[in-house]
Amino acid sequence: AQRGYLYAQLEEEETFSADHTAADLVFKIHEGEQVRVGRIIVQGGTHTSAGVIADRIALKVGEPFSPELAARTKDNLLGSAALGGIQSPIEAFDSVTVSLVEPDTPAERKDVLVRLLERKGNDIAFGAGISTGQGVRVSGDYTHHNLLGTASVLTLHLQANRQLPFFIIPAFYGAYAQQIGTYY
């Protein structure tokens, strides 16, 4: 199947010796037609640049169809594969499927359907806390997962904190704050 022979069939014949103590097995492989990629049809990806998507599709029109290249295309679009030897994280898509159009009908040329489900555009997160090192703090994060359709990620983080003296927050220090006060 890696060379495009998706509809190959295997036929086996067995011949037994006269006393049935030995057998000859013959396997016949009928390759069928080599399937080549017809068109590559992309559905979804409306907020992502066509060039970004095309650069990550490993299948090529006119080349033999390969399930391995279909899987690599999916990995490239989901960001779980290295692109050009460099890890290229992409967070633009939640789901990617790569399949043949009418896979049960043998043909010399088959169209490939790449379905993309884009991730929601951005995330917002807020937080608050208190620590002995930073005091009271508030923070916020904004993440955009597909900046200008380039599948680039932009994250902005803002944090503000204020150190407070022990005596303002005795509930957190309790008796410890009172002990320190006796040594001064």
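Placed above this text is the structure.
Residues numbered from 1 in each chain as written. Predicted model: local features only at pLDDT ≥ 70, side-chain atom pairs only at ≥ 80, totals over all residues. Heavy atoms only, no water.

**Q** Summarise the environment of Thr46; cite the residues concerned and give the values.
**A** Examined against the element boundaries, Thr46 turns out to sit in the loop between strand E3 (36-43) and helix H1 (50-55). On the basis of relative accessible area, Thr46 is assigned to the exposed category, the value being 69%. Distance from Thr46 to Leu117, taken between C-alpha atoms, is 9.4 Å for residues 71 residues apart in sequence. Reaching out from Thr46, the side chain makes a polar contact with the side chain of His47 at a distance of 3.2 Å. (Helix = DSSP H or I, 4+ residues; strand = E, 2+ residues; numbered from the N terminus. Buried < 20%, exposed > 50% of the residue type's maximum accessible area, 1.4 Å probe, protein only. Polar contact = N/O pair within 3.5 Å; in protein donor to acceptor, adjacent residues only side chain to side chain.)

**Q** An account of the sheet that holds strand E10 (residues 152-162) is needed here, citing residue identities and associated values.
**A** Pairing within the open sheet is antiparallel, and its three strands lie in the order E8-E9-E10. The sheet is open, and its two borders are formed by strand E8 (122-131) and E10, each paired with just one other strand. Direction aside, neighbouring strands of the sheet carry axes that sit 15° apart on average. Here 10 bridges tie strand E9 (residues 135-147) to E10, and the two strands are oriented antiparallel to one another. (Pairing = 2+ DSSP bridges. Axes fitted to C-alpha atoms, helices over the stretch in contact; angles between N-to-C directions.)

**Q** An account of the pattern of salt bridges is needed here, citing residue identities and associated values.
**A** Enumeration according to the criterion identifies five salt bridges in this entry. Two residues, Lys28 and Glu13, come together in a salt bridge whose shortest N-O distance is 3.0 Å. Here the residue Lys28 occupies a position in strand E2 (residues 23-30), and Glu13 occupies one in strand E1 (residues 9-16), the gap between them amounting to 15 residues. Taking the relative accessible area as the measure of exposure, Lys28 reaches 36% and is therefore partly exposed. Owing to a relative accessible area of 34%, Glu13 belongs among the partly exposed residues under this scheme. One salt bridge in this structure joins Arg39 and Asp111, with 2.9 Å as the shortest N-O distance. Linking Arg39 in strand E3 with Asp111 in strand E7 (residues 109-118), this pair joins segments that are 72 residues apart in sequence. (Salt bridge = Lys/Arg side-chain N within 4 Å of Asp/Glu carboxyl O.)

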